[in-house]
Amino acid sequence: ARHRFGYELRTRRKARGLSQDRLGAAVQVSGDLVGRIEIGDRRPGRDFAERCDRVLDAGGELVRLWEAAEHEQRQRRRADTGPVVSDNMIVGNDLAFLPAASAMADDMNRMNRRYLLKTLGVGAASLSPLGSSVREMVLGAANSSALLRASVVGIPGTSEHALGQTRHQLRRFATDYALTPDLVPILCGLVVLRNHLYTTVATRQHHPSDTRDLYVLLGATCVLLASISHDLSEPHAGLIQADTAETFAELSGDRALLTWVYCTKAMIASWWGTPDDVLRQADKARATGAAGVAAIRLAGLQARTLAQLGKRTEAVAILYAAEEQRAAVGEHDRLRELGEIFTFPVARQHYYNAATHLYLHNWAEVEHETSSVVNLYGKSIAGGTWPVTLTLSRIYQAQARLQIHGPEAAREALQPVFDIPITQRLHQTAKALETLRRQLQSPTFATLTAARDLSDDIVSFQSSAAGR
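Read on for a plain summary of the structure. Because the structure is a prediction, the values reported are computed rather than measured.

Rules used in this analysis
Residues numbered from 1 in each chain as written. Predicted model: local features only at pLDDT ≥ 70, side-chain atom pairs only at ≥ 80, totals over all residues. Heavy atoms only, no water. Helix = DSSP H or I, 4+ residues; strand = E, 2+ residues; numbered from the N terminus. Expected span 1.5 Å × (residues − 1). Phe/Tyr/Trp six-rings, centres within 6.5 Å; stacked < 30°, edge-to-face > 60°. Lys NZ or Arg CZ within 6 Å of the ring centre and 35° of its normal. Contact = heavy atoms within 4.5 Å. Salt bridge = Lys/Arg side-chain N within 4 Å of Asp/Glu carboxyl O. Buried < 20%, exposed > 50% of the residue type's maximum accessible area, 1.4 Å probe, protein only.

### Considering helix H11 (residues 208-231)
Then step 1. Its 24 residues give H11 an end-to-end C-alpha distance of 35 Å, which sits within 8% of 34 Å, the value for a rise of 1.5 Å per residue.
Then step 2. Phi turns positive, to about 65 degrees, at Ser 233, one or two residues after H11.

### A short note on the packing of aromatic side chains
Then step 1. Scanning all chains against the criterion turns up six aromatic pairs.
Then step 2. An aromatic cluster is present here, built from Phe 344, Tyr 351, Tyr 352 and Tyr 396 joined pairwise through their rings.
Then step 3. In this structure, Arg 172 packs its charged tip against the face of Phe 173, placed 4.6 Å from the ring centre.
Then step 4. In this arrangement the basic side chain of Lys 431 is found over the ring face of Trp 272, its NZ or CZ atom lying 4.8 Å from the centre.

### Re the environment of Leu 392
Then step 1. Here Leu 392 is to be found in helix H19 (residues 387-404).
Then step 2. Along the chain, Leu 392 and Ala 430 lie 38 residues apart, while their C-alpha atoms are 9.6 Å from each other.
Then step 3. Once residues lying within four places of it in the same chain are set aside, the contact partners of Leu 392 are Trp 271, Tyr 351, Gln 428, Thr 429 and Ala 432.

### A look at the pattern of salt bridges
Side-chain pairs of opposite charge can arise whenever the charged atoms involved come near each other.
Then step 1. This structure, assessed with the given rule, holds 17 salt bridges.
Then step 2. In this structure, Arg 12 and Glu 8 form a salt bridge, with 2.6 Å as the shortest nitrogen-oxygen distance. Here Arg 12 pairs with Glu 8, and both are found in helix H1 (residues 2-15), just four residues apart, close to one helical turn.
Then step 3. By relative accessible area, Glu 8 is classed as buried at 18%.
Then step 4. Among the charged side chains, a salt-bridge network with shared partners connects Asp 243, Glu 246, Lys 265 and Lys 284.

### Observations regarding the environment of Ile 240
Then step 1. Assignment of secondary structure puts Ile 240 in helix H12 (residues 235-252).
Then step 2. For Ile 240, a relative accessible area of 18% puts it in the buried group.
Then step 3. Sequence separation between Ile 240 and Ser 145 is 95 residues, and the spatial gap between their C-alpha atoms is 7.4 Å.

### Quick look at unusual backbone geometry
Then step 1. Even without glycine at this site, Ser 233 takes up a positive phi of about 65 degrees.
Then step 2. Examined against the element boundaries, Ser 233 turns out to sit in the loop between H11 and H12.
Then step 3. If you check the backbone angles, His 361 has positive phi at about 60 degrees while not being a glycine.
Then step 4. As for its placement among the helices and strands, His 361 is situated in the loop between helix H17 (346-359) and helix H18 (363-377).

In short, geometric facts, not functional conclusions.
Below, the structure is given as structure tokens:
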């Protein structure tokens, strides 16, 4: 609920054309605090909610969402009466009961795998989504990754035991993630895989090259957990996972993996943070030597952010540079063996191009780039490769067609999106549709019946996604 409050606050602030600093000045707080509240990183007070409600003319909606968040927090406190760890649950988001990092390292050799998994909050039978909310699973996974990050430095040695099988498992999860938005089973499997990797790192001593390989696998697993947390509308959990991934990437010395970590952080920031957060990750990647196809993806995120800031010339220049880099690098990347999540297909580059041109209102270019995505992936979303990319491209295409041809053409582009099963409707899709809905409500289209009908269908889709 706190993230819903932040999303609504950000949406209404942008609709009024206010920066975070201007809104902060109006409600007597800093712009930085407004930004942190918008991404769910800080918990607002009631006074803040009431002042924002008045300034943004929200009609009590922000106060209602604040009350819902407080109610949800109280419910969680009642539920978290103690550090109960069983085979039928996943522990929530309190790390206080976990052993200190040093104590865990000292006692690691006496722990069998089953006990370790229970200590980390994942029992053998707890991996079914039944009996635990998605939020609990996402936050539990994030917090146990934070524990790993805190305790990994200085732990001796690793083993090559089952490395090949572990790579195969990670590749399967990463490919499933690229092919289907059925995220909860993938999340559960990844948590088991991550904990297995950690026990291997922490309890065995082997050749340094095996240690580096295991750090790569641990970092890659946490990158994937970060992306899934983001998809499940838990950006804070996603950033915790990404921080853990960064630690393991640095320990491995793998610049390509480290670049993927910065990509993931920039991607989360592009949806939940600020443009400065995205550019900061791009700067960090350059400073450490961005490598592999992840560098091309990061350029796409940077170009989109510069376009969002109105820096047209810089944004287009980066797009052109990324296309030249693509021609030089091609599809080859050493991390490709870890699964589809660590690739950046040409179709996805067209999607990033479309997102950049969307902010620049280059409607013909948006139409061209999104048509390329559809042609490369095919017209069916169900079962297709990178369905989220294809879905968002359809939404961007609808925005372009609305401006060029009108609401009927926009509906035609959106129909495959409306056909997505409710269980596969992600927050990003509903959020992207909000911009289109606001365009339909502009004076240019508001009086058209087709525009009103399309707007109503978008609201229905957004409600179903939120309910999920």
